[in-house]
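Residues per chain, in single letters:
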Amino acid sequence: MSGSSKSHHAPDDNRRKTVTHFYKFIAIALVTTVLAVLFIPGVDEFIEQTFQRYLGRAAR
Amino acid sequence: MQVVTRVLVVVLCLLLIPVTAVVTAAMKQRFADGPNRVFSGGPLVSGALHAGPDPDWAFLDEIATIELQLLDPPRSRRIWATDHAGKLYVWSGYMGTTVGRLWKRWPVDAERDGRAILRIDGTRYERQLVRISSGNILDGITSAITSKYPSRTTRAAVEAGDVWVFEVAPRSR
């Protein structure tokens with residue numbers, strides 16, 4: 001009986017873990033992005049250049 | 001429906017990364033002495049303040065962009081500039097589009113309070129921006145613009161409000 005219950009909950013647990021991992025990944029990516037833009041030379045320039053290209057197209 | 005919601009959440013989370021990069025870069029530029037490309041910079045601090053009579057603005061033919069700061073709000077940006085008949089002019093395109101109006105806030109601010117500081121080749125000039133929205137002078141100004149830059153600015157575009165042109169007049173005026 002307990003074995004059947006375990007197998008029933010396993011997919012839910014896996015899904016929850018996947019979601020948690022995904023949110024952790026996003027949080028780490030965001031922090032890394034902020035630090036890279038602030039402290040790695042040239043990253044802010046690249047971001048601005050890319051944004052300028054997008055804006056130029058969007059504003060036409 | 002649940003799948004759609006999940007996909008939407010994932011897409012939004014992933015979009016958050018480039019948005020964060022752009023916002024961070026823009027915030028960083030606000031603390032700098034002057035602008036870079038599209039992001040506004042802080043007040044123009046360095047550079048000697050020009051005193052005396054106006055220079056011959058013809059030297060601008062060799063300069064692609066200048067730095068312009070309004071006193072209110074005290075933010076700076078890099079813009080195109082040209083001279084015509086001994087006077088200096090700046091302008092802003094895309095003013096007829098929604099994205100353009102969101103992007104280009106300085107022309108609206110400048111029309112409200114035209115006090116400005118320019119920095120050209122490391123020298124700062126205290127000036128007053130005066131909008132020109134009609135008149136025969138626009139033929140000469142737009143001609144100067146199109147001969148200097150790959151721009152299709154026309155008098156009709158200025159008079160329609162798609163392009164806002166400002167004379168960069170002496171502050172005392």
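Residues numbered from 1 in each chain as written. Chains lettered and ligands numbered in written order. Predicted model: local features only at pLDDT ≥ 70, side-chain atom pairs only at ≥ 80, totals over all residues.

A. Structural view of the overall build of chain B. For chain B, the helix and strand inventory stands at five helices and eight strands. Along chain B, helices and strands appear, N-terminal first, in the series α-β-β-β-β-β-α-α-β-β-α-α-β. Considered along the principal axes of its C-alpha atoms, chain B spans approximately 70 × 40 × 30 Å. Within chain B, counting contacts between residues at least 6 apart in sequence, those at least 24 apart form 61% of the total. (Helix = DSSP H or I, 4+ residues; strand = E, 2+ residues; numbered from the N terminus. Contact = placed C-beta atoms within 7 Å.)

B. Up close: the overall build of chain A. Counting secondary structure elements, chain A contains two helices and zero strands. Residues classed as buried in chain A amount to 8% of the 60 residues present. (Buried ≥ 20, exposed ≤ 12 C-beta atoms within 10 Å, placed from the backbone.)

C. Helix α1 (residues 2-30) of chain B, seen in detail. All names here are of chain B. For α1, spanning 29 residues, the distance from its first C-alpha to its last is 41 Å, which sits close to the expected 42 Å at 1.5 Å a residue. At Ile17, α1 is deflected by roughly 25 degrees, the largest bend along its length, and proline Pro18 occurs up to four residues later in sequence. When we look at burial in α1, the residues that qualify are Ala21, Thr24, Ala25, Lys28 and Gln29. (Expected span 1.5 Å × (residues − 1). Bend = angle between axes of the 7 residues up to and from the residue.)

D. Fine view of the domain arrangement of chain B. Each assigned domain of chain B is listed with its residue range as follows: domain 1 (1-30) and domain 2 (48-170). The gap between the C-alpha centroids of domain 1 of chain B and domain 2 of chain B is 35 Å. (Domains from an automatic or database assignment.)

E. Fine view of the interface of chain A and chain B. With 16 residues of chain A at the interface, the matching set in chain B holds 18 residues. Sorting the residues of the side of chain A that touches chain B by element identifies α1 (2-39) and α2 (43-58) of chain A as the ones contributing at least two each. Looking at the side of chain A that touches chain B element by element, the count peaks at eight residues for α2 of chain A. Split into classes, the residues belonging to the side of chain A that touches chain B amount to 11 nonpolar, three polar and two charged. (Nonpolar A, V, L, I, M, F, W, Y, C, P; charged D, E, K, R; others polar.)

F. Region of the structure containing the nonpolar core. Core analysis: the largest hydrophobic core is formed by 29 residues, its most contacted members being Tyr89, Trp91, Val165 and Phe166 of chain B. Breaking this core down by element, the ones donating at least two residues are β2 (66-70), β5 (87-92), α3 (106-112), β6 (115-120), β7 (123-132), α4 (137-148), α5 (155-159) and β8 (164-170) of chain B. In terms of nonpolar packing, the next biggest core, distinct from the first, is built from six residues, Val37 and Ile47 of chain A together with Ala21 and Val38 of chain B among them. (Core = buried A, V, L, I, M, F, W, Y, C linked by C-beta atoms within 7 Å.)

G. How the structure looks around the pairing of β5 of chain B. Residues and elements named next belong to chain B. For β5, the buried fraction is high: five of the six residues fall into the buried class. Counted between consecutive antiparallel strands, the loop separating strand β4 (residues 81-84) from β5 contains two residues, among which Ala85 sits at a positive phi close to 50 degrees. In this sheet, β8 lies alongside β5 in antiparallel orientation, the contact comprising four bridges. Directly across from Trp91, in β8, lies its bridge partner Val165. (Pairing = 2+ DSSP bridges.)

H. Looking closely at the environment of Gln52 of chain A. With respect to the helices, strands and loops of the structure, Gln52 of chain A is situated in helix α2. Gln52 of chain A has contacts with Arg37 and Val38 of chain B, leaving out every residue within four places of it along the chain.

I. Representation of the packing of α2 of chain A against α1 of chain B in the model. Close contact between α2 of chain A and α1 of chain B brings their axes to 9 Å; oriented N to C, the two are set at 110 degrees. By the angle between their axes, α2 of chain A is roughly perpendicular relative to α1 of chain B. Of the two elements, α2 of chain A crosses α1 of chain B, and the hand of that crossing is left-handed. Across the interface between the two elements, Asp44, Ile47, Glu48 and Phe51 of chain A of α2 of chain A pack against Ala21, Val22, Ala25 and Lys28 of chain B of α1 of chain B. Among the residues making up the contact of α2 of chain A with α1 of chain B, the classes are represented as five nonpolar, no polar and three charged. (Axes fitted to C-alpha atoms, helices over the stretch in contact; angles between N-to-C directions. Parallel < 35°, antiparallel > 145°, perpendicular 65-115°, else oblique. Left-handed = near helix turned anticlockwise from the far one by under 90°.)

J. Region of interest: the confidence of the model for chain B. Of all residues in chain B, 99% have pLDDT values of 70 or greater, and the mean over the chain is 92. This complex was scored by the predictor with a pTM of 0.77 and an ipTM of 0.79. (pLDDT = per-residue confidence, 0-100.)

K. Structural detail: α2 of chain A. Residues and elements named next belong to chain A. The end-to-end C-alpha distance of α2, which contains 16 residues, comes to 23 Å, matching closely the 22 Å that a straight helix rising 1.5 Å per residue would cover. Inspection of α2 places Asp44, Ile47 and Glu48 among the buried residues, and these make up the whole buried set. End-on view of α2: buried residues confined to an arc of 95 degrees, all on one side of the axis. Opposite the buried face of α2, by more than 90 degrees, sit the exposed residues Arg53 and Arg57. (Arc of directions from axis to C-beta.)

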